[in-house]
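Observations on chain architecture
The chain contents come next:
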Amino acid sequence: VKGDDSGVLFNLAVLLEDRRADHAQAEVLYRRALESDEEDVNVLVNLALLLQHKRQAYGEAEAFFQKAYEVDATRGDVLLNYALFMEDVRGDMHAAKTLYEQALQQDEHDVMALCHFGGLLLRTHNVEHAEALFRQAKEIDEPTASQLISIRQQAAAQHPLEA
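In short, a report on the structure. The structure displayed is predicted, hence computed values, not measured ones.

Thresholds applied
- Residues numbered from 1 in each chain as written.
- Predicted model: local features only at pLDDT ≥ 70, side-chain atom pairs only at ≥ 80, totals over all residues.
- Heavy atoms only, no water.
- Core = buried A, V, L, I, M, F, W, Y, C linked by side-chain atoms within 4.5 Å.
- Buried < 20%, exposed > 50% of the residue type's maximum accessible area, 1.4 Å probe, protein only.
- Contact = heavy atoms within 4.5 Å.
- Helix = DSSP H or I, 4+ residues; strand = E, 2+ residues; numbered from the N terminus.
- Lys, Arg positive; Asp, Glu negative; His and termini not counted.
- Salt bridge = Lys/Arg side-chain N within 4 Å of Asp/Glu carboxyl O.
- Phe/Tyr/Trp six-rings, centres within 6.5 Å; stacked < 30°, edge-to-face > 60°.
- Expected span 1.5 Å × (residues − 1).
- Arc of directions from axis to C-beta.
- Axes fitted to C-alpha atoms, helices over the stretch in contact; angles between N-to-C directions.
- Parallel < 35°, antiparallel > 145°, perpendicular 65-115°, else oblique.
- Left-handed = near helix turned anticlockwise from the far one by under 90°.
- Nonpolar A, V, L, I, M, F, W, Y, C, P; charged D, E, K, R; others polar.
- Polar contact = N/O pair within 3.5 Å; in protein donor to acceptor, adjacent residues only side chain to side chain.

Once that is clear, we can look at the nonpolar core. Tyr30, Phe64, Met86, Tyr100, Cys115 and Phe117 are the most contacted members of the largest nonpolar core, which totals 53 residues. Those residues in contact with Met86, other than ones at most four positions away along the chain, are Glu62, Gly91, Asp92, Ala95, Ala96 and Leu99.

The next thing to look at is the side chain of Asp40. Within the fold, Asp40 resides in the loop between helix H2 (23–36) and helix H3 (41–55). Although Asp40 is buried, it forms no salt bridge, and the closest oppositely charged side chain is Arg75 at an N-O distance of 6.1 Å. Ignoring sequence-local partners within four residues, the contact set of Asp40 consists of Ser6 and Leu34.

Our focus in this paragraph is the packing of aromatic side chains. One pass over the structure, following the stated rule, counts 6 aromatic pairs. Look at Tyr100 and Phe117: their rings are 5.7 Å apart centre to centre, the planes differ by 25°, and that puts the pair in the stacked class. With a gap of 17 residues between them, Tyr100 in helix H6 (residues 93–106) and Phe117 in helix H7 (residues 111–123) connect regions that are remote in the sequence. The same class applies to Tyr100 as to Phe117, namely buried. Three or more aromatic residues joined by ring pairs make a cluster, and in this case those are Tyr58, Phe65, Tyr69, Tyr82 and Phe85.

Moving on: helix H4 (residues 58–71). Taking 1.5 Å of rise per residue, the 14 residues of H4 would be expected to cover 20 Å, and the 20 Å separating its terminal C-alpha atoms lies within 8% of that figure. For H4, the full list of buried residues reads Ala61, Phe64, Phe65 and Ala68. End-on, the buried residues of H4 take up no more than an arc of 100°, which puts them together on one face. Packed against the buried residues of H4 are H2, H3 and helix H5 (76–90).

Here we take up the packing of H6 against H7. Two numbers describe how H6 lies on H7: the axes approach to 10 Å, and their chain directions differ by 150°. In terms of their interaxial angle, H6 and H7 are classed as roughly antiparallel. In this structure, H6 meets H7 at a crossing whose hand is left-handed. In contact with Met93, Ala96, Lys97, Tyr100, Glu101, Ala103 and Leu104 of H6, H7 contributes Ala113, Leu114, His116, Phe117, Leu120 and Arg123. Partitioned by chemical class, the residues of the contact of H6 with H7 number 9 nonpolar, 1 polar and 3 charged.

With 15 residues, H3 ought to run about 21 Å at 1.5 Å a step, and its terminal C-alpha atoms sit 20 Å apart, in line with that. Every buried residue of H3 is accounted for by Val41, Val43, Leu44, Val45, Leu47, Ala48, Leu50, Leu51 and Gln52. In this structure, the buried residues of H3 make contact with helix H1 (6–19), H2, H4 and H5. The residue sitting at the N-terminus of H3 and contributing the capping side-chain oxygen is Asp40; that oxygen lies 3.1 Å from the backbone nitrogen of Asn42.

Here it is as structure tokens:
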């Protein structure tokens, strides 16, 4: 790919990552896209997720999540993915809780944020509040919420935190 159009590089990276599972080349293209536009939130989040899930390069992933957050702390996908990272990778429940709350301030109907925040609350033994969030999510999108709630309930049972 010639040029420095961050959008074109981003789309090609997504194609390589999703359709060809060529994570190494996708990473190269995400990084090239950031050379063109270092504040492209889509690129920052996707690169952070790739580094987290495919390379387990957690320090770098966290830096890209943080940069995306600094660029746009109002985007639900930034807040939710960063919260999940802080909860699952860093074990920083306070930071995760804050990010989930910020995501719900942006969109109180975000089923993903409701379910994942509920899952964190289950892990920290705040069952009543978790169940309230789960009920709210089911009212919005029952099929999606039910799947996420099941996953989060299983995770909470397997990885509870001290009260």
